[in-house]
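Commentary on secondary and tertiary structure
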Amino acid sequence: MRTLAPEKTTYPVLIFWIIAGWVGIALLPWYGVEAFWRFAWLSRGWPTDPDYAPAAVLVAMGQKLWLAPMLLAMAAPFMVIGRRKTDPLYARVLILAGGFGFAWLVAQGLGIGLHGWTAPWLEALFGPLGTRQFGMGYGALITASAFLFLFTQGIAARGAVGGDVFVTGAIGGVIAVVTIFVFYPIFIMMMSAFAVQGGGYSLSEFFGKMFSERIWGLGCLSGTRCGVAWNSLFLAVLVGVLTTLLGLVFALVLTRSGFRYKGALRALTVLPIITPPFVIGLAIILLFGLSGAITTWTADLFGIRPTRWVYGMPGILIAQVLAFTPIAFLVLIGVVEGVSPSMEEAAQTLRANRWQTFRTISLPLMRPGLANAFLLGFIESMADFGNPLVLGGNFDVLSTEIFFAIVGAQYDQSRAAILAMVLLTFTLGAFYLQRFWLGRKSYTTVTGKGDAGVHPAMPAGLAIPVYVIAALWVAFTVVIYGMILYGSVVQLWGVNNTITLKHYVTAFRVSLDDSGIRWTGSAWGSFFTTLVISTLAAPLTAAIGLITAYLLTRQRFAGKRAFEFGTMLSFAIPGTVIGVSYILAFNVPPIEITGTGLILIVSFVFRNMPVGVRAGIASMSQLDKSLDESSLTLGANSWQTFRRIILPLLRPAILAALVYSFVRAMTAISAVIFLVSARYDMATSYIIGRVENNDYGLAIAYSTALIFVMLAAVGLLQILVGRTKIGRRTSHDTKGA
């Protein structure tokens with residue numbers, strides 16, 4: 001008779017976090033110091049110097065005694081080593097130790113700042129402190145992580161989410177980082193919506209600004225200017241619809257046609273997102289502006305008087321559709337590829353023609369991708385301020401109003417926060433409309449069964465308009481980028497068209513002397529900084545986004561809808577607001593990272609994370625949950641199932657998240673303006689500086705160089721990630737037919 005193996009009493013994950021917690025609290029500097037990046041703290045009085053000492057040493061020296069309770073909390077988990085998870089004491093100790101330790105760390109961080117107590121009522125309650133503390137460092141970061149994951153292990157031992165340690169830890173980790181780096185800074189910013197000059201808060205002033213004519217005016221009905229809220233909403237809906245349709249067009253050409261040059265088309269389709277948006281705006285102005293090439297040619301040919309039609313909604317719409325169509329394409333390509341050919345072949349077997357098959361089988365199964373693509377296009381349009389800044393004219397939108405409220409002479413944080421709240425309301429509405437449209441239907445198309453079918457070609461009635469639209473849009477894109485490339489090699493675009501390479505030489509000069517290679521070009525510093533920060537931010541963005549998508553599509557837990565909305569919040573807020581809110585929140589303890597490279601990485605990760613979330617949700621909606629169940633039945637845990645089963649089937653989503661996060665970090669403008677420093681300058685801030693100095697040739701040359709660098713990076717990511725292999729033939733493959 002076979003006996004059951006005894007339950008384990010030693011858990012590697014528990015031991016790991018106990019060790020990590022003690023490393024953070026007893027070995028690493030508790031407070032943040034810039035020298036920590038270079039490990040110079042090892043030779044600057046560590047471990048006894050108060051600026052570099054670990055928490056345990058500080059307490060032992062009689063300093064910062066408010067850290068002492070965390071030592072006791074970190075010692076408590078030793079009590080459960082060797083106990084079974086089913087022992088009630090196991091869960092109780094981990095929940096109490098982890099929860100208390102994390103809560104105490106947060107409380108002392110928020111309560112004590114650079115000059116002692118951070119609030120008058122704390123000083124009145126406890127008396128003057130007489131000391132201070134700086135922002136938390138890596139010791140505090142690792143200790144906080146240890147407390148958090150000890151707590152989630154205790155929750156799992158109590159049976160939460162089926163007792164799955166990976167799932168509970170992932171939920172706890174995502175909630176913690178989203179709260180710290182999304183909700184907390186935005187909360188700080190939003191509180192200023194109720195602030196009044198001279199200090200204090202006022203509801204009457206808040207409502208007066210919220211319902212002002214400037215925001216909600218309906219003058220457009222009488223032929224005058226609309227409120228900025230309605231301008232933004234109408235523009236965002238148009239951009240969402242058009243980018244989704246264009247993204248679907250290109251996805252169909254690449255998956256449902258015999259087009260030969262699919263690789264070139266894919267690269268051209270993604271090209272706009274790797275371009276600083278104001279460069280596209282400049283190209284549009286020089287094509288369609290009052291003295292633009294196409295405007296003057298049309299005027300000469302037809303005798304039409306040139307106008308400024310491109311300044312306003314038409315110009316912004318063209319620029320945003322061009323800039324944001326790649327987002328829709330990156331989301332939709334994986335979804336369109338994921339539709340099961342077997343279902344389409346079954347419909348044709350039942351004598352449905354190709355149009356009926358596409359309309360009744362293929363298109364409904366693409367709904368998750370269509371909905372997510374529209375949502376991202378809508379949010380991107382709402383949050384964009386680069387294109388409206390260049391092409392807006394008298395057409396004002398929320399993002400530019402927020403920008404001028406913050407950086408203009410008025411510097412009205414209250415008005416900026418109110419405008420951001422209006423923008424967030426629209427985004428939240430789009431989010432719930434998307435969920436309502438999708439409903440509770442199943443869109444599963446990838447199961448554990450073999451599926452070696454081939455996607456049918458598009459019906460002729462669909463193929464003709466798809467090819468025409470794709471051809472026209474490709475031609476327009478080629479013209480735009482031809483103008484950009486041309487502008488980088490002329491003396492002064494539109495004035496002196498003499499061919500020259502001086503802009504590239506000025507930006508990227510390299511010299512060789514006795515000391516070796518010297519990067520003497522003016523752009524190298526910002527280029528290398530941007531490349532490093534973008535490379536660090538991209539995998540973090542993809543990892544957090546895809547794990548979040550996995551939790552949202554494969555797990556059930558309380559507060560799931562609020563959790564999903566929280567992950568989208570940072571994407572809904574303009575980058576200008578993100579930048580200012582980060583400065584307000586992270587310029588003082590407990591997290592003091594303003595002016596460092598870390599704040600740029602964090603802002604990029606949580607600003608771009610929603611793309612990974614939406615792409616992951618769209619792709620995972622097509623994966624049958626029986627794949628997970630089969631893996632778990634065969635003895636794999638959730639982490640092994642996610643790593644070995646789910647991830648290999650998510651290569652389009654992984655590629656979308658990596659590509660988007662990398663290139664957006666390389667080309668981000670709004671938040672970067674506020675977060676760069678002399679030491680950590682970014683490419684876009686350098687380019688903006690050149691534009692402000694009317695050095696357009698250098699700015700365009702730098703932008704052109706970034707385009708080629710990012711094209712190479714996208715190709716490399718495509719090779720590294722690869723394609724999802726699920727046993728299907730490619731379209732129009734005759735082998736084995």
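Anyway, here's the lowdown on the structure attached to this text. All of these numbers come straight from a predicted model, not from anything done at the bench. (Residues numbered from 1 in each chain as written. Predicted model: local features only at pLDDT ≥ 70, side-chain atom pairs only at ≥ 80, totals over all residues. Heavy atoms only, no water.)

**Regarding the packing of aromatic side chains**
- Scanning the model with the defined rule gives 32 aromatic pairs in all.
- When the ring of Trp-216 is compared with that of Trp-230, the centres are 5.5 Å apart and the planes differ by 70°; the resulting orientation is edge-to-face. Here Trp-216, found in helix H9 (residues 213–216), pairs with Trp-230, found in helix H10 (residues 228–255); they are 14 residues apart in sequence, far enough to count as distant.
- Ring geometry for Trp-519 versus Trp-524: centroids 4.8 Å apart, planes at 70°, classification edge-to-face.
- The exposure class assigned to Trp-519 is partly exposed, which follows from its relative accessible area of 46%.
- Lying over the aromatic face of Tyr-686, Arg-690 brings its terminal NZ or CZ to 5.5 Å of the ring centre. (Phe/Tyr/Trp six-rings, centres within 6.5 Å; stacked < 30°, edge-to-face > 60°. Helix = DSSP H or I, 4+ residues; strand = E, 2+ residues; numbered from the N terminus. Buried < 20%, exposed > 50% of the residue type's maximum accessible area, 1.4 Å probe, protein only. Lys NZ or Arg CZ within 6 Å of the ring centre and 35° of its normal.)

**Observations regarding the environment of Ala-299**
- You can see Ala-299 is positioned in helix H13 (residues 293–302).
- Not counting the four nearest positions on each side in its chain, Ala-299 is found in contact with Ile-304 and Pro-306. (Contact = heavy atoms within 4.5 Å.)

**Considering the pairing of strand S5 (residues 510–513)**
- Inspection of the sheet shows S5 paired to strand S6 (residues 516–519) by four bridges, in the antiparallel sense. Following the sheet pairing, Ser-511 is matched in S6 by Arg-518.
- Between S5 and S6, which follow one another and run antiparallel, lie two residues. (Pairing = 2+ DSSP bridges.)

**What about empty space enclosed by the protein?**
- Under the criterion given, the structure shown has six cavities of 30 Å³ or more.
- Estimated volume of the largest cavity: approximately 390 Å³.
- In terms of lining, the largest cavity is formed by 25 residues, of which the most central are Arg-664, Thr-667, Ala-668, Ile-669 and Ser-670.
- Of all the secondary structure elements, the ones that give two or more residues to the lining of the largest cavity are helix H14 (313–338), helix H17 (367–383), helix H18 (386–391), helix H26 (597–620), helix H29 (651–667) and helix H30 (670–675).
- No other element matches H26, which puts four residues into the lining of the largest cavity.
- Along the lines of polarity and charge, the residues of the lining of the largest cavity split into 13 nonpolar, eight polar and four charged. (1 Å grid on protein atoms, 1.4 Å probe; cavity = no way out; pocket = protein on both sides within 12 Å on 5 of 7 lines; lining within 4 Å. Points joined across faces, edges and corners; volume = space filled by probe spheres on them. Nonpolar A, V, L, I, M, F, W, Y, C, P; charged D, E, K, R; others polar.)

**Some words on the packing of helix H27 (residues 626–633) against helix H28 (residues 638–646)**
- Viewed as axis vectors pointing N to C, H27 and H28 meet at an angle of 125°, and their least axial separation amounts to 10 Å. With respect to H28, the element H27 is oriented oblique. Crossing handedness for the pair H27 and H28: right-handed. For the pair H27 and H28, contact is made by Leu-627, Asp-628, Ser-631 and Leu-632 and by Ser-638, Thr-641, Ile-645 and Ile-646, respectively.
- Along the lines of polarity and charge, the residues of the contact of H27 with H28 split into four nonpolar, three polar and one charged. (Axes fitted to C-alpha atoms, helices over the stretch in contact; angles between N-to-C directions. Parallel < 35°, antiparallel > 145°, perpendicular 65-115°, else oblique. Left-handed = near helix turned anticlockwise from the far one by under 90°.)

**Describing the packing of helix H7 (residues 165–191) against H26**
- Relative orientation of the contacting elements H7 and H26 amounts to 105°, with a least axis distance of 10 Å. In terms of axis orientation, H7 runs roughly perpendicular to H26. Taken together, the residues of H26 that come into contact with H7 (itself represented by Val-177, Val-178, Phe-181 and Val-182) are Val-602, Phe-606 and Met-609.
- Across the contact of H7 with H26, the residue classes tally to seven nonpolar, no polar and no charged.

**Notes on a nonpolar patch on the surface**
- A surface patch of nonpolar side chains, amounting to about 540 Å² of accessible area, comprises Val-510, Leu-512, Ile-517, Trp-519 and Phe-528.
- When contributions to the nonpolar patch are tallied by element, the ones reaching two or more residues are S5 and S6.
- When you line up the elements, Leu-512 lands in strand S5.
- Judged by its relative accessible area of 70%, Leu-512 falls in the exposed class. (Patch = residues over 30% accessible without salt bridge, like charges linked within 9 Å, V, L, I, M, F, W, Y side chains within 5 Å. Areas by Shrake-Rupley, 256 points an atom, 1.4 Å probe, with all protein chains shown as cover. Salt bridge = Lys/Arg side-chain N within 4 Å of Asp/Glu carboxyl O.)

**Regarding H28**
- All of the buried residues along H28 are Ser-638, Thr-641, Phe-642 and Ile-646. Looking straight down H28, one finds its buried side chains confined to an arc of 100°; they lie on one side.
- In this structure, the buried residues of H28 make contact with H7, helix H23 (524–554), H26 and H27. (Arc of directions from axis to C-beta.)

**Focus on H29**
- Between its first and last C-alpha atoms H29 spans 24 Å; for 17 residues at 1.5 Å apiece the expected length is 24 Å, and the two agree.
- The element H29 is largely enclosed, with a buried count of 15 among its 17 residues. (Expected span 1.5 Å × (residues − 1).)

**Thoughts on the pattern of salt bridges**
- Evaluated as defined, the whole model comprises five salt bridges.
- For the salt bridge of Asp-87 with Arg-83, the shortest nitrogen-to-oxygen distance reads 2.7 Å.
- The class for Arg-83 is partly exposed, based on a relative accessible area of 32%.
- In this structure, Arg-214 engages Asp-396 in a salt bridge whose closest nitrogen and oxygen atoms are separated by 2.9 Å. Residue Arg-214 is found in helix H9, and its partner Asp-396 is found in the loop between H18 and helix H19 (398–407); the two are separated by 182 residues along the sequence.

By themselves these figures say nothing about function.
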